[in-house]
Amino acid sequence: MAGNPTRSEVTAVHGRVPSPLLAPTVVLVHGAFTDASSWTGVIRLLHAAGLTVRAPANPLRGLAHDAAYVRSVLRQIDAPVVLVGHGYGGAVITDAAADADNVVALGYVAAFGLDAGESLLDVTHRFSPVPGADTVFSASAAAPSPVAADGELFIRAERFLQMYAADLPPRVTRALSVRQRPLAHSALTAGSGPPAWASKPSWYAIAAADRLLDPTAQRFMAQRMAATEYLVDGSHALVLSRPDAVAAMIRAAAGGER
């Protein structure tokens, strides 16, 4: 796709890249309000396609902290990596992969693909606010921590189904709501570093029915990074409600249907 670097161009910019003869490892980074189990359906499909997968726990303690952790995971993998982020996890992979030589492709699933110096709020404020956005989130005081001393953000239980996962059964959504993992409030305003998508080929699954991250914002970010776009009819919880479509995008990013 025009604007995306080829594998040889990536090599020239970033130096050593693991041999293309090695099968890629897919690293899945979850977003806010959930955990790595959200990728379960996608992982099953990728395993069935013969791909190696890792799904680390995103700490959700702030952009710099979370990107450093994912970067440490990438250093342990001696193979080409397809790095995929969902929601806030997209901001994390954008930072984490900027100087990771073994990351050969990026995947975004209803995700933030920030530019240098840009924050999550910069993106969301650029587009029409979600109706009733002022009642979606609640904050709680966090335990004293060197990485998150300013409180934590949750989705209100009564709004979780409508805003996060309207295309999942209510019984599933209720369980997701009560076990959601909070995001450090400071993650909303932290500026991104140089974006990995500026020098690595990217794929983007746009959630057409997303009520948490405006699909127009998703399309803007996908086009800005010259990503290969997949428009999917689904909520923000795309990895749970449409694992087939998400896995198909990741297989394409990994080098074609497997």
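1. Concerning helix α8 (residues 215-224)
- Looking at α8, one finds that the buried residues are Pro 215, Ala 217, Gln 218, Met 221 and Ala 222. The buried side chains of α8 occupy one side of the element, clustering within an arc of 155° when seen end-on.
- Buried residues belonging to α8 abut α5 (120-124), β8 (202-207) and β9 (228-232).
- Its side-chain oxygen at 2.8 Å from the backbone nitrogen of Thr 216, Asp 214 defines the N-terminal cap of α8.

2. Thoughts on the confidence of the model for the chain
- Chain-level pLDDT for the chain is 88 on average; 84% of the residues reach the 70-or-more range.
- A low-confidence stretch, residues 1-19 (pLDDT under 50), is modelled with 37 contacts involving residues beyond four sequence positions or located in other chains.
- Below a pLDDT of 50 lies the segment residues 142-149, which in the model reaches nine contacts outside its immediate sequence neighbourhood of four places, other chains included.

3. Some details on the sheet that holds strand β2 (residues 52-54)
- Taken together, six strands build an open sheet; the order of strands is β2-β1-β3-β4-β8-β9 and the sheet is parallel. Two strands bound the open sheet, and with one partner strand each, they are β2 and β9. Direction aside, neighbouring strands of the sheet carry axes that sit 20° apart on average.
- Across five bridges, strand β1 (residues 25-29) lies against strand β3 (residues 81-86) in parallel orientation. Across the sheet, residue Val 29 finds its bridge partner in β3, namely Gly 85.
- Along the sheet face, α8 touches β8 and β9 and points at about 170° away from the line of β8.

4. Observations regarding the packing of aromatic side chains
- Summed over the entire model, instances satisfying the criterion amount to four aromatic pairs.
- For the pair Tyr 108 and Tyr 204, a centre-to-centre distance of 5.9 Å together with 10° between the ring planes defines the contact as stacked. One end of the pair, Tyr 108, is in strand β4 (residues 103-109); the other, Tyr 204, is in strand β8, and 96 residues separate them in sequence.

The rules behind each value
Residues numbered from 1 in each chain as written. Predicted model: local features only at pLDDT ≥ 70, side-chain atom pairs only at ≥ 80, totals over all residues. Heavy atoms only, no water. Buried < 20%, exposed > 50% of the residue type's maximum accessible area, 1.4 Å probe, protein only. Helix = DSSP H or I, 4+ residues; strand = E, 2+ residues; numbered from the N terminus. Arc of directions from axis to C-beta. Contact = heavy atoms within 4.5 Å. Polar contact = N/O pair within 3.5 Å; in protein donor to acceptor, adjacent residues only side chain to side chain. pLDDT = per-residue confidence, 0-100. Pairing = 2+ DSSP bridges. Axes fitted to C-alpha atoms, helices over the stretch in contact; angles between N-to-C directions. Phe/Tyr/Trp six-rings, centres within 6.5 Å; stacked < 30°, edge-to-face > 60°.

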